[in-house]
Amino acid sequence: MNGAKPVALTIDGRKVVADEGTNILEAAAMAGVDIPHFCYHPGLQVEGSCRMCLVEIEGLPKLELSCSTPVREGQIVRTASDRVRQARRDVLEFLLAEHPLDCPICDKAGECRLQDYYDLHGGFPGRMSEPRRRRAKKVPIGRGLILDRERCILCTRCVRFLRQVTGTGELGVFERGLGTEIGICEEAPVANGYSGNLVDICPVGAITAEDFRFKTRAWFLDRKPSVCPHCSRGCAVVVESVKGYPLSKGERRVYRITAGEAPAVNGFWICDLGRDGRHEIDEGRQTRILKGGEPAAGLFWPQAVAEIASMIRSLPGPDRDGRITVVLNSRLTCEELALAKALFATGLGLDRISFADPRPGPSDDLLLTAERAPNGRGVLEAGFAPRLPLLHELATSKVALIFGTGLAAHFPEEAVAGALAEIPFKVLFEAHAMPYDRLADLVIPVAVPAEKSGTYVNIDGLRQSFGRAVEPGPGIVPEGQILIALARRLGCDPGGSDGR
Amino acid sequence: MVDNGLALLPSDDRAWRLEAYLARGGYDAARKAVTTMTPEAVVCEIRDAVLRGRGGAGFPAGVKWGFVPRGLAGPKYLCVNADEGEPGTFKDRHVLCCAPHQLLEGMVIAAYGVGIGSAYIYVRGEYALIADRLRAAIGEARSAGYLGPDIFGSDFGLEVTVHPGAGAYICGEETALLESLEGRRGQPRVKPPFPATVGLFRSPTVINNVETLASVPQILARGAEWFRGRGLPQDGGTRLFGVSGAVRHPGVYELPVGTSLRTIVEISAGGPPEGRSIKAVVPGGLSAPVLRPEELDVAMDFDALAKAGSMLGSAGIIVVSDETPILDVLLVTARFYAHESCGKCTPCRIGTSWILKVVERLKRLGGGPDDLDLIVRLAGGISGRTLCPLGDGAALPIRALVSKFRGELEQAVTR
């Protein structure tokens, strides 16, 4: 596929073929042999310091690092011999000798490599009777990250990430021997837009995020993949929510968003903007249908759609255009955009279809794009020629169907409110409550991307399909479902999936 | 004593100067190499001399030079390891004090042989006088045309920079030395790639010990065969043996490789002081496993000492007298490695400190055979499991002290 020469070797008696240049650790993983490791990370340069991944290679006297030794033709590797097991036990014993064993209050418990490996490869009783060195347990290192030096095993993944990936180098290794510790350089704390990855890559509970500390336990979380909707990169993310939602008021549903792996898109990292996307899933949501600005008890979305349909039908066919305005956005999935195209452009023959997205923001050289919506390419692919709505034009509509909250990003609140006030019948399809909601005839709560399945086309033209990562709350539906229902009511069945 | 092949002179105020060095035939070998020999012939001569690395690992210098690829574009570097940090070792200091030009001449020859245009001398931070003297010697050599551009009228040039370290044992490890030279934290790199291909500033690099390079001029002057004849066929030349501890005449002795340890300790250094006897001898710097008095009839060459379960290392001989408790030796040894572990590899970082904690407790409160077993087991967890040789260097002498003096230690800790 990539033109690399295949190399055949034997790992624990299994024949393995790997590309030339692959290290033994990765080759073993491909063959289903998991070699334990702390410092190795496929997205970072090899450090070789934790000494956990040592394996036996026939013909070599010492145990060798599987993370840095490339595969060779005919190599015979043993990852579970007595010597290897003993070396692993020794490393674990050393690490645990200086470890506080505060797993009961550690946020990493349940997803900690030290814990998991002791379970798999350790199992010895504690033999350290000397006093353990006490270290600082709550060092703020910037961006809401907290460093616990007692838990730190000095894998230096954090240091290497900041040097090799972001190039910002805020963390360094200080002192030496047992006094070695991670710290910020020159009182300049971590201050880059990718800081959350430090928590993801920390193999133990040494770096935790204030946002997550002491909030829940790892084993309560349901992890589902999704695609980040906060810029046009389309990074793979994992949405981690508590099972059994809905919970009582005040509790979180999505506890965090972590980086997913997508070699061709984001590798192993996501930016903090995407990570902070957890807030928009749970906070400020529009949860009820509003009618005339008031919660409409007993009104469910299918009835609301029926109302919209009859309002549209009441406008005479030939000059519907100019009387109906539709505002879409680039957060809609390709499937939803196709439905919208079929219904509004083809079916109803509307011309006034515009797009309101978040304003572009600063981009960086790593992942973040200026565009702050995930599916700008999808909009083009669906055959739309996106343009911003004109408020004065909007104000002349008889019916306005406004999807999303992008208007607020482009126009002052009073201007939006002023335009809405002119329109006899206006419907807002919103995931989040807006100040001008009370002016709308109907506000229908819709799903955020994490609550949908569908497809986005990223900035490089890559189509990425994703499934629903969290269940939407009661009464909240994806726009696709609404579009299908509306189309049926209006007698133009667009077919397709509704993104459930 | 054999005649002084390394031309070590008493360190009077003038002997180190260029003038004095030239009077002893200085820079003749470099002139011969640069003006009459091809670079390949120079490397070949050193390889034939079987000059093994004097820093401690004993790797043949000529073979090491041969690993550097020829005909590549881009810079190559020569690094002189003058970070003499191994406890019990002070022979490079002697060379640097008395014969800095001999080192510089060796560097010119090495650089010419490998095709190198710039060199660094990484000198340990504690050697402040030496760093100054080196800079002065470089100035003299440069003014006289032995360094700088167009040496001996050829198109070969060499610039030498002195770089003082900051007091870390680990920076004597070659890849940590490179990291430190590059301005980073001195910690070992993963090998491969080896410095000969990817070294200083990612370029091919030769790293040699001071004594190794200072031995080079005489090989060029008198030939590989002569040099080999002064030592052993598999380990040529003479070596500087630094003897310290319980002897009448501590100092640096230049003797043929293969001289017996007993001869060096008892004849050259005069044996233990009046009324004392020898309890133990560390033959090659603190990292070399200790020998008991009955083991001293061993030839001081890399292979013979390896066979005896120790190592020649830096040839720094430490003699322990009968009045020194082995528990104290164990304590200072454990303390040194715990203090000097760079902290990169888990086993060394935590293992050396754990051992120290146990030994300190034994010293303070006493203990039992279990504690000695624990020390041996912890040393076993370090040895062979680290990136650099410091892990072995810490584990092996500690294990040897406990196993070879178990009786005394058991008695000392039982209270």
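Residues numbered from 1 in each chain as written. Chains lettered and ligands numbered in written order. Predicted model: local features only at pLDDT ≥ 70, side-chain atom pairs only at ≥ 80, totals over all residues.

Caption draft 1: How the structure looks around the overall build of chain A. Of the regular secondary structure elements, chain A holds 14 helices and 22 strands. Taken over the C-alpha atoms alone, chain A extends approximately 85 × 50 × 40 Å along its principal axes. Within chain A, the fraction of its 500 residues that count as buried is 46%. Look at the contacts in chain A between residues 6 or more apart in sequence, and 66% of them connect residues 24 or more apart. (Helix = DSSP H or I, 4+ residues; strand = E, 2+ residues; numbered from the N terminus. Buried ≥ 20, exposed ≤ 12 C-beta atoms within 10 Å, placed from the backbone. Contact = placed C-beta atoms within 7 Å.)

Caption draft 2: Looking closely at the interface of chain A and chain B. Counting residues at the interface gives 24 residues for chain A and 25 residues for chain B. Looking at which element gives the most residues to the side of chain A that touches chain B, the answer is helix α2 (residues 82–97) of chain A, with 6 residues. For the side of chain A that touches chain B, the residue count by class is 13 nonpolar, 5 polar and 6 charged. (Nonpolar A, V, L, I, M, F, W, Y, C, P; charged D, E, K, R; others polar.)

Caption draft 3: Main features of the domain arrangement of chain B. Residues and elements named next belong to chain B. Domain annotation for chain B reports domain 1 (18–230), domain 2 (238–321) and domain 3 (326–413). Computed from C-alpha coordinates alone, the two centres of domain 1 and domain 2 are separated by 27 Å. Tallying the contact residues gives 14 residues for domain 1 and 19 residues for domain 2. Taken together, the residues that form the side of domain 1 that touches domain 2 break down as 2 nonpolar, 6 polar and 6 charged. (Domains from an automatic or database assignment.)

Caption draft 4: Spatial organisation of the sheet that holds strand β7 (residues 145–147) of chain A. Residues and elements named next belong to chain A. The 3 strands lie next to each other as β6-β7-β10, forming an open sheet whose pairing is antiparallel. Each having just a single partner strand, β6 (139–142) and β10 (207–209) make up the two edges of the open sheet. With direction set aside, neighbouring strand axes in the sheet form an average angle of 35°. Summarising the sheet, β6 and β7 pair through 3 bridges and their orientation is antiparallel. The residue of β7 that forms the bridge with V139 is L147. (Pairing = 2+ DSSP bridges. Axes fitted to C-alpha atoms, helices over the stretch in contact; angles between N-to-C directions.)

Caption draft 5: Highlighting the sheet that holds strand β5 (residues 76–78) of chain A. Residue and element names in this part refer to chain A. Strand order in the open sheet made by the 5 strands is β2-β1-β5-β3-β4, with mixed pairing throughout. Both outer strands of the open sheet, β2 (14–19) and β4 (64–65), are each paired with one neighbouring strand and no more. Of the strand pairs in this sheet, strand β3 (residues 54–57) and β5 are connected by 2 bridges, and their pairing is antiparallel. Residue pairing in the sheet places E56 in a bridge with R78 of β5.

Caption draft 6: Geometry of the nonpolar core. If you look at the biggest cluster of nonpolar residues, it comprises 192 residues, and the most contacted ones within it are C79(B), V80(B), M107(B), V108(B) and V281(B). Here this core gets 9 residues from one element, more than from any other, and that element is helix α6 (residues 100–114) of chain B. If you look at the next biggest cluster of nonpolar residues, it comprises 82 residues, including C231(A), F429(A), V443(A) and A487(A). (Core = buried A, V, L, I, M, F, W, Y, C linked by C-beta atoms within 7 Å.)

Caption draft 7: Molecular detail of the environment of L330(B). Residues and elements named next belong to chain B. Looking at the element boundaries, L330 is found in helix α14 (residues 326–340). Taking the number of C-beta atoms within 10 Å as the measure of exposure, L330 has 26 and is therefore buried. Considered as a pair, L330 and T161 are 169 residues apart in the sequence and their alpha carbons are 39 Å apart. Residue contacts for L330: discarding those within four places in its chain leaves V359, I398 and L401.

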